[in-house]
Amino acid sequence: MPPLLFGVINKTKAWFAGRTGMPLLQPYYDIIKLMRKGMVISDTTTWIFRFGPVITLMTVFIAGLLVPMGSFDAPFSFTGDLILFTYLFGLSRFFTTASALDTGSSFEGMGSSREVTFAAFSEPALFFAFAALVKMSGSFSLSSMLHSPLEELSIDIAAPLVLLAIGLYIVMLAESCRIPVDDPNTHLELTMIHEAMVLDHSGPLFGIISYASALKLFILGTVLLHVIFPFRISISWVNWLLYILEMLVLAVSIGVVESVMARLQMKHVPYLLISAILFCAFGFVLIFR
Amino acid sequence: MTNLINSLLVLILALNLFALGSSRIQSIIHTAAIQGVLLGFLPLLVHSHLNLSLLFASLTAIMIKGVLIPHMMSRALRNVQIKLEVEPLIGLMPSLMLGAIATTFALLFTNQMPLVAEHTGKLIVPAAISTMLTGFILLTTRFKALTQVIGYLILENGIYIFGILLMGAMPMVIEMGVLLDVFVAIFVSCIIIGKINKSFSTMDTRMLSSLKE
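Residues numbered from 1 in each chain as written. Chains lettered and ligands numbered in written order. Predicted model: local features only at pLDDT ≥ 70, side-chain atom pairs only at ≥ 80, totals over all residues.

A word on the overall build of chain A. When you go through chain A residue by residue, the secondary structure sums to 11 helices and 0 strands. Going from the N terminus to the C terminus, chain A shows its helices and strands as α-α-α-α-α-α-α-α-α-α-α. The C-alpha radius of gyration computed for chain A amounts to 19 Å, which stays within 12% of the reference 19 Å derived for 289 residues, consistent with globular compactness. With the C-alpha coordinates aligned to their principal axes, the bounding extent of chain A is approximately 60 × 35 × 35 Å. (Helix = DSSP H or I, 4+ residues; strand = E, 2+ residues; numbered from the N terminus. Rg over C-alpha atoms; globule rule 2.2 N^0.38 Å.)

Next up, the structure:
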């Protein structure tokens, strides 16, 4: 499912530009093609370079296990797993940057420095959002936290949820390197963030990286969907359909955002992320009021 | 219903921050326009029963604030051929922070205010205060005349939100009168900005103090 989101995003962008665009399943073909290829590994790198992408994929996958998909409970959940969730993302980022720095290329160093700088802004936003949700639901585990707004849709819950949704949307775009923050299609190393870090990875390792980034978008999108559409129906297969539909709509909306906006200047990106922090913080203040 | 009103007001708060954080005058104009349209829908939601005059008033407000005034300002902007607020008195980041602090205090202080019971759950008062303060910040910290006009418009939006509290007591005619005043004021100032720019080839209001008789 996750790479399909990229397919939908690309299709939306192509439609906006009046092109036919690549097939919906192209991201899958790309990953399969990459998996079959050989690898070129630079002599200067160490084991970190090879293990980085694998560890990234694993941490993102484990983080995904903590999030309830649609109306179903997450496979794992315990009190306080929201902190584990955030720092699993942190760990995956650490290994991506570490394996990028391992090559010693100056472009990759630049990319890593940008990635870490922007992550420092998006993490507080995520925590403010989680704190607001914790206050709203009175529970410290992601599974029950994200499910609870639907049970007690009280008077003063909608306004903070709107704020949290805006904030989380920006965080999602930043974390999965979409356009206002980073352009995934850029060909100039100077303007890259995430792409610059994976320049030296090839073959299966690059396939793993692309799958991991799709998975990251999918997981953050799932968290966001719980905030945007807290309603569920009691029939379970309708819920699945609804969830898939919501996910596709979210992908289309990302495609629209990418088509109508240009990438921000590097120095303006922190403004956007700080406004995301502010939105989440306001949501938090509104609940505490 | 309260949920819907609060969501709308929260969007207005978000637009306030956006207006403070962007440096392109055109995008600030768009922000003010969207805010005007959202505000036009507000009286329809606050009143439980719809009547024709209310619908008319709300439609007029949307037309004037969402279409007419932004259109005029965009034209004035094209005439003077500038795009950016280059150097505000305080930078974009500090003014964004100032706006955020103002909004937070507005949210926190509303609890201390003695409000009528039917308004306590709603965010009308904090949204009004925060929008007015945003207008003040834009008015005082930006030097381009056009941005100051937008600041004035956002300030008026804040007062309009306050006016919604009195909707039952105040006849719609007063609201319409205010709307007309705003329209005329902005119409005149857009012309004046064009003239100032033509005569002095700048829109910087700091230069006005150097005028002599």
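Now, onward.
In this section: unusual backbone geometry. Residues and elements named next belong to chain A. Non-glycine residue Cys177 carries a positive phi angle of around 60°. By the element assignment, Cys177 lies in the loop between helix H7 (158-175) and helix H8 (194-197). Cys177 sits in the buried class, given 20 other C-beta atoms within 10 Å. (Buried ≥ 20, exposed ≤ 12 C-beta atoms within 10 Å, placed from the backbone.)

Moving on: the packing of H7 of chain A against helix H11 (residues 269-288) of chain A. All names here are of chain A. Direction vectors running N to C along H7 and H11 enclose 155°, while the axes themselves pass 8 Å from each other. The pairing of H7 with H11 is recorded here as roughly antiparallel in orientation. In terms of crossing hand, the pair formed by H7 and H11 is left-handed. Contacts between H7 and H11 involve Ala159, Pro160, Leu163, Leu164, Ile166, Gly167, Ile170, Val171 and Ala174 from the first element and Leu272, Leu273, Ala276, Phe279, Cys280, Phe282, Gly283, Leu286 and Ile287 from the second. (Axes fitted to C-alpha atoms, helices over the stretch in contact; angles between N-to-C directions. Parallel < 35°, antiparallel > 145°, perpendicular 65-115°, else oblique. Left-handed = near helix turned anticlockwise from the far one by under 90°. Contact = placed C-beta atoms within 7 Å.)

If you look at the biggest cluster of nonpolar residues, it comprises 137 residues, and the most contacted ones within it are Ala129, Leu168, Leu273, Ile277 and Cys280 of chain A together with Leu146 and Ile150 of chain B. Looking at this core element by element, the count peaks at 16 residues for helix H9 (residues 203-228) of chain A. If we ignore the near neighbours within four places in the chain, the residues touching Ile150 of chain B are Ile28, Ile29, Ala32, Met73 and Leu138 of chain B. (Core = buried A, V, L, I, M, F, W, Y, C linked by C-beta atoms within 7 Å.)

The next thing to look at is the packing of helix H1 (residues 2-21) of chain B against helix H4 (residues 92-109) of chain B. Residue and element names in this part refer to chain B. Interhelical geometry of H1 versus H4 gives an angle of 155° and a closest axis separation of 8 Å. Overall, the two elements H1 and H4 adopt an arrangement that is roughly antiparallel. As for how H1 packs across H4, the hand of that crossing is right-handed. On the side of H1, the interface is formed by Leu13, Asn16, Leu17, Leu20 and Gly21, while H4 contributes Leu92, Ser95, Leu96, Gly99, Ala100 and Thr103. Each residue belonging to the contact of H1 with H4 can be placed in one class, and the counts come to 6 nonpolar, 5 polar and no charged. (Nonpolar A, V, L, I, M, F, W, Y, C, P; charged D, E, K, R; others polar.)

With that out of the way, let us pick up the interface of chain A and chain B. With 15 residues of chain A at the interface, the matching set in chain B holds 22 residues. If you list the elements that add at least two residues to the side of chain A that touches chain B, you get H7 and H11 of chain A. Here the element with the most residues in the side of chain A that touches chain B is H11 of chain A; it accounts for 7 residues. Per-class residue counts for the side of chain A that touches chain B are 12 nonpolar, 1 polar and 2 charged.

This part takes up helix H5 (residues 106-137) of chain A. An ideal rise of 1.5 Å per residue puts 46 Å on 32 residues; H5 of chain A measures up with 46 Å between its terminal C-alpha atoms. Backbone geometry just after H5 of chain A places Gly138 of chain A at a positive phi near 70°. (Expected span 1.5 Å × (residues − 1).)

Moving on, we come to helix H10 (residues 236-260) of chain A. Residues and elements named next belong to chain A. In this model H10 runs 36 Å from its N-terminal to its C-terminal C-alpha over 25 residues, within 8% of the 36 Å that 1.5 Å per residue would give. Of the residues making up H10, those classed as buried are Met247, Leu250, Ala251, Ile254, Gly255 and Glu258. Looking at the buried side of H10, the elements it contacts are helix H1 (2-17) and H9.

Here we take up the confidence of the model for chain B. Residues and elements named next belong to chain B. On average, chain B scores 82 in pLDDT, and the residues at 70 or more come to 92%. Confidence, expressed as mean pLDDT per element, reaches its minimum in chain B at helix H7 (residues 172-200) with 82 and its maximum at helix H5 (residues 124-141) with 90. Two numbers describe this predicted complex: its pTM, 0.86, and its ipTM, 0.77. (pLDDT = per-residue confidence, 0-100.)

Residues and elements named next belong to chain A. By the element assignment, Phe51 lies in helix H3 (residues 47-65). Classification of Phe51 by C-beta neighbours within 10 Å gives partly exposed; the count is 16. For the pair Phe51 and Leu205, spaced 154 residues apart in sequence, the C-alpha separation works out to 8.9 Å.

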